[in-house]
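Overview (structure and organization)
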Amino acid sequence: MEYRPTRRRLLEHSALAGVGLVLAPHLARAARAAAPSARLTWLAGTPPLPTGTAWGVPWPRGTVRRSDRVIVRNGEAAIPAQTWPMAYWPDGSVKWTGLAVAAASDMGDLTVGIGHQSGPHPATPLVVEQNAQTVIIRTGALTATIDRAGGTLVRSLIVDGREVARDGRLVVLREDRSREAAEGVVREERFVSRITRVTVEQAGPVRSVVHIEGTHSGAGGRSWLPFSVRLYFTAGLSSMRMVHSFVFDGDQKTDFIKGIGVRFAVPFREETHNRHVRFATDGDHVFAEPVVMIPGYRPSAMKDAAAGERAQLLGQRLPALAQFTEKERANLASTAVWEDFKFSQLSADGWDMHKRTNAASAWLQVTGGQRAGGVAFLGDVSGGFAIGQRDFWQKYPAAFEILGAAGDAGTLTAWLWSPDAVAMDLRHYDTKGHGLTVTYEDYEEGHADAYGCANTSELMLWACADTPAPDTIDAMRRVTHNPPLPICAPEHYHATETLGYWSLPGTAAPGLTAAEIASADTQLDRAFGFYSGEVERRRWYGFWDYGDYRRTYDPIRHQWMYDIGGHGWNETELMPNVWLWFAFLRSGRADIFRAAEAMTRNNNEVDVHHIGPFAGLGSRHNVSHWGDAKEARINEAFIKRFFYYLTTDERTGDLLREPLATVEASIARNPPLRKIAPRPDVPAPQAFLRVGPDWLALASNWLVEWERTGDTRYRDYCLTGMRDIGAMGDTFLKDDAFAFDPVTKHLRSVGAPNQKPSQFLFLFAGDQIAVELQALIPCPPFTQAWGRLCEQFTQGKRANWYFEPRITAYAANFTGSAELEAKALALYRALLKFGDADYFRATPERFTGPSTVQETLENPGTSTFTPALAIPEVSQWAINLITVPVLLRKFAATSG
């Protein structure tokens, strides 16, 4: 095919070099010329309770300077807000701004813009006091004291001068089975948090973030399970948010976690009949009872016994015992006092509640239900403490436990893994590997190990000045599970060119009819609807599983291949997370956001080894989340930054930075091609790796660190590899694997038998990363090399539905070829035809009866992955439908 040098020079010297994959230049110029502002809506409505919230807003290149003041308005009025830069463009202008406010239920839509002076301060600014022993947070409604050492994270929580909670710590139970086989004896070992470092990451005036790190220590001297806990405080509020993460660093063959949780002591000031327990149950229902019920009679101190009982159930103050008659006190003394409570969600479909009078007595079953709201309270009418566990039933087995409600102080424990469940068993699903060609399982002895994998949970904590009414508990439930989040309009995200290239719904594209575009949008909606339905129908829930999708469907069993090697959990394979984030960005839909969020949490934590010999690498796909080959692309920054920038989530910020210190050494120890193309002539610390997805994953990590910090070392790491690739000429078109020097960051050819360029260059967001490199780091030789590579891939004899439609459209942009444009259109139409006929029909086929394990919906093309390349895989199919229209628009804008 003939090249067009004039057109290539245009691309190479564009301000957005290689932007054949983003907006047309005239649209980008218009965005930069407009006044920088963004109108925000609430993802899932304003909160039913005042709640702290933080989010990110992107800006077009060159529109917001570092010195600009970012103002948040509710209607016309500026409101107190805390802002900070999260990322920068190459010219030094701000790319993303983080913002935090105290959200209220009476807030309307917000507006973020640039002002001439700073916004107002809170009526009572948040104050942080630090010394060698403690960090003290004063919000105006709450005083929290955080220890810098020892086993207690939160020493005390004080509201209105009263201590309502204290001694907040982490707890772990380990099940010791060492004597089980010989003696039938199983015992529990107890561990509590031990702090190693406390960092105040933000100090007001609107928001404070305190990061606590440590391990869990036991009586025998063992210290394990590193943890990271962040506490978020907001001016004027007595609530706080907790993000709890831990890393498994035990022996999966012997270390069985029986329970892991967060525990607070709750001191009492009132008599037992003025103490209360609350649990959010199904829907908006609430269990609300006192520790001791007043007898069903009319005390002389109260005019109406029924009114008194109703008042007690609502948590209102009843007269002190001294105001009762002697007979009434005797009657009350003979009433049962319920000291302990357990509320357990041991599956996604069932919870049970029990209570008992004391440790020497039996547990009484109270009631049960299906999916609990995940909020518990313990306290008295003078104050108490409430905890909300997000995704309580989705991340079962979870529980709440209240002990000692009749004493001077009780304890409230939020169990992230309930001790009433079977102990956590992280062993691989088999003791041997299975055939790669049969089960697609890339098993190696010692690799299917959970060591280094992590899990993150989110909690809301309330220090209460009284006993919350049942309606307030329900409001806490809604805040816990749908934290308030302001979001920009899809048009704003799209215009800023900050999160990849993708099209808005209804995007007109040359050569495509309005009906075809509408059909694509309809099919994309059906795709998400089908998979979100599968999550519910197949119960893809659980502590280690929630957020992930299954990989391959078995139409014979009418079941996903949950038990067949590499066809188990999909993890990040072929980028379902990118599909979901693009689907959210173009729609603003809350249900899609929550699905993408859950998947990102799971991918970031469970699928990645954060410490150990595989640190920085992740597992591809398997029956066990950590059971397959270890690669860098599972942990690449491109797939993590969506969630980070949209929410400012500091834990994800840590994970973006984490592989910078570990992944290159891990690649050298575990070369990705060690089985199919071993290169003993490339000894560690050098690594023999592919450009895609290995080097592109590294480049993604460096690129995000550069934009977050402005540290040009990371830009130069990218540029070094880009120049090396550009200088290779035809070698890059023939080979895909090169020697990588982790010190100099250079790539060099080491000759045959290199692996030939393959689809892996594109399948794991490689095309998105390459385009962004070109847009942010001009390097004409790299742009030319990448463009020629894409053109070469369009000349294959067999269509590869995974990526060919969008790569063909890219090649059309690079070459200016009308022939390639026509081919891209034909491939796009083929995707539409396949999707409508086989993939996501309006009415899927229904299977029921004894021949199936459950009622099943199927489309002929149902699968997260299909081995035959002639059939598109859903994530790449969706990404093609979302991206090709914008490429065709770019072609029309620059051709001729």
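Described in the following lines is the structure provided in the data block. The residue count restarts for each chain, going from 1 along the sequence in the order it is written. Note on the predicted model: pLDDT of at least 70 is required for a residue's local features to be given, and 80 or more for side-chain atom pairs to be given and counted; whole-chain, interface and lining totals, by contrast, use all residues. To get the side-chain values, all heavy atoms of the structure are used, and hydrogens and water are removed first.

**Focus on the overall build of the chain**
Note the cut-off: Helix and strand definitions follow DSSP, with helices as H or I runs of at least four residues and strands as E runs of at least two, each counted in order from the N terminus. A radius of gyration in this sense is built from C-alpha atoms; the matching globule rule multiplies 2.2 Å by the number of residues raised to 0.38. Accessible area is worked out with a 1.4 Å probe on protein chains only. A residue is then buried under 20% of its type maximum, exposed over 50%, and partly exposed in between.
Scanning the chain from N- to C-terminus turns up 23 helices and 37 strands. The C-alpha atoms of the chain give 29 Å as radius of gyration, which agrees with the globular expectation for 896 residues (29 Å, within 12%). The principal-axis extent of the C-alpha atoms belonging to the chain is close to 105 × 75 × 60 Å. Across the 896 residues that make up the chain, the buried fraction comes to 62%.

**Focus on the pairing of strand 21 (residues 350-356)**
In regular strands, side chains alternate between the two faces of the sheet. Using the following cut-off: When DSSP locates at least two bridges between a pair of strands, those strands are taken to pair.
Among the 7 residues of strand 21, 5 are classified as buried, and the element is accordingly described as predominantly covered. Pairing geometry for strand 20 (residues 340-347) and strand 21, over 7 bridges, is antiparallel. Across the sheet, Ser-347 pairs through a bridge with Gly-350, a residue of strand 21. Sheet topology places strand 21 next to strand 22 (residues 364-369); 5 bridges connect them, and they run antiparallel. Within the sheet, the bridge partner assigned to Met-353 lies in strand 22 and is Thr-367.

**Here we look at the packing of aromatic side chains**
Aromatic ring pairs are defined here through the distance separating the ring centres and the angle between the ring planes. So the rule is basically this: Aromatic pairs are defined between Phe, Tyr and Trp rings, using the six-membered ring for Trp, whenever the two ring centres lie within 6.5 Å; interplanar angles under 30 degrees are classed as stacked, those over 60 as edge-to-face, and all others as tilted. When the NZ atom of lysine or the CZ atom of arginine is within 6 Å of a ring's centre and also within 35 degrees of its normal, the charge is said to sit over that ring.
Applying the stated criterion across every chain, the model contains 42 aromatic pairs. Centroid distance Phe-392 to Phe-400: 5.2 Å. Interplanar angle 10°. Geometry classified as stacked. A connected cluster of aromatic rings, assembled from ring pairs, spans Tyr-493, Trp-581, Phe-582, Phe-584, Phe-593, Phe-638, Phe-642 and Phe-643. Stacked on the ring of Phe-764, the Lys or Arg Arg-633 has its end atom at 3.8 Å from the ring centre.

**Some thoughts on empty space enclosed by the protein**
What counts, and what does not: Residues are called lining when one of their atoms sits within 4 Å of a cavity or pocket point, these points coming from a 1 Å grid over the protein atoms alone, where a cavity is a set in which a 1.4 Å probe fits but cannot get out and a pocket is an open set with protein on both sides within 12 Å along at least five of seven lines. Grid points are joined across faces, edges and corners, and a volume is the space filled by probe spheres set on the points.
Counted under the stated rule, the structure contains 11 cavities of 30 Å³ or more. Of the pockets and cavities examined, the largest cavity occupies roughly 470 Å³. Together, 30 residues line the largest cavity, and Gly-52, Thr-53, Ala-54, Arg-241 and Pro-483 are the ones closest to its centre. Secondary-structure elements contributing two or more residues to the lining of the largest cavity are strand 2 (51-58), strand 6 (94-103), strand 15 (223-234), strand 16 (239-247), strand 27 (454-464), helix 7 (470-481), helix 11 (590-605) and helix 12 (637-647). Considering each element in turn, the lining of the largest cavity owes the most residues, 4 residues, to strand 2.

**Structural notes on the sheet that holds strand 33 (residues 687-690)**
Defined as follows: We call two residues in contact whenever any of their non-hydrogen atoms come within 4.5 Å of each other. Between the N-to-C directions of two axes lies an angle of 0 to 180 degrees, each axis being a line fitted to C-alpha atoms and, for a helix, fitted only over the stretch in contact.
Reading across the sheet, the 3 strands line up as 33-34-35 and stay open at both edges, with antiparallel pairing between neighbours. Across the chains shown, the open sheet's two edge strands, defined by having one partner strand only, are strand 33 and strand 35 (747-748). Docked against the sheet, helix 15 (residues 691-709) engages strand 33, strand 34 (737-740) and strand 35, running at close to 100° with respect to strand 33.

**Section: the layout of surface pockets**
The calculated volume of the largest pocket comes to roughly 780 Å³. In terms of lining, the largest pocket is formed by 39 residues, of which the most central are Asp-391, Gln-394, Tyr-546, Arg-594 and Ala-598. Counting residues per element, the ones that place at least two in the lining of the largest pocket are strand 27, helix 7, helix 9 (514-537) and helix 11. The leading source of residues in the lining of the largest pocket is helix 11, at 8 residues.

**Looking at the pairing of strand 24 (residues 383-389)**
Counting buried positions over the 7 residues of strand 24 gives 7, a clear majority of the element. Burial of strand 24 is two-sided: the residues Gly-383, Phe-385, Ile-387 and Gln-389 facing one way and the residues Gly-384, Ala-386 and Gly-388 facing the other way are all buried. Pairing analysis gives 6 bridges linking strand 23 (residues 375-380) to strand 24, with the strands arranged antiparallel. Residue pairing in the sheet places Phe-377 in a bridge with Ala-386 of strand 24. Once strand 23 ends, the chain turns through 2 residues before running back antiparallel as strand 24. As defined by bridge partners, strand 24 adjoins strand 27 across 6 bridges and the pair is classed as antiparallel. Note that in strand 27 the partner of Ile-387 across the bridge is Leu-461.

**Some details on the packing of helix 10 (residues 576-585) against helix 11**
Threshold: Convention used here: angles under 35 degrees read as roughly parallel, angles over 145 as roughly antiparallel, angles from 65 to 115 as roughly perpendicular, and any remaining angle as oblique. Crossings are assigned a handedness: left-handed for a near helix turned anticlockwise from the far helix by less than a right angle, right-handed for a clockwise turn. For this scheme, ten residues count as nonpolar: Ala, Val, Leu, Ile, Met, Phe, Trp, Tyr, Cys and Pro. Four count as charged, namely Asp, Glu, Lys and Arg, and the remainder, Gly too, count as polar.
The geometry of helix 10 relative to helix 11 is characterised by a closest axis approach of 9 Å and an angle of 150° between their N-to-C directions. It follows that helix 10 is roughly antiparallel to helix 11 by the angle criterion. Every pair of crossing elements has a handedness; the one defined by helix 10 and helix 11 is left-handed. Residues Pro-576, Asn-577, Leu-580, Trp-581, Ala-583 and Phe-584 of helix 10 pack against Ile-592, Phe-593, Ala-595, Ala-596, Glu-597, Met-599, Thr-600 and Asn-603 of helix 11. Counted by class, the contact of helix 10 with helix 11 contains 10 nonpolar, 3 polar and 1 charged residues.

**So, the sheet that holds strand 5 (residues 82-88)**
Overall, antiparallel pairing links the 3 strands, which are arranged 2-6-5 in an open sheet. Looking along the sheet, the strands with just one partner apiece sit at the ends: strand 2 and strand 5. Across the sheet, the mean angle from the axis of one strand to that of its neighbour is 20°, orientation sign disregarded. Across the face of the sheet, helix 12 comes into contact with strand 2, strand 5 and strand 6 while running at roughly 120° to strand 2. Most of the contacts of helix 15 go to strand 5, to which it runs at about 140°, and overall it touches strand 5 and strand 6.

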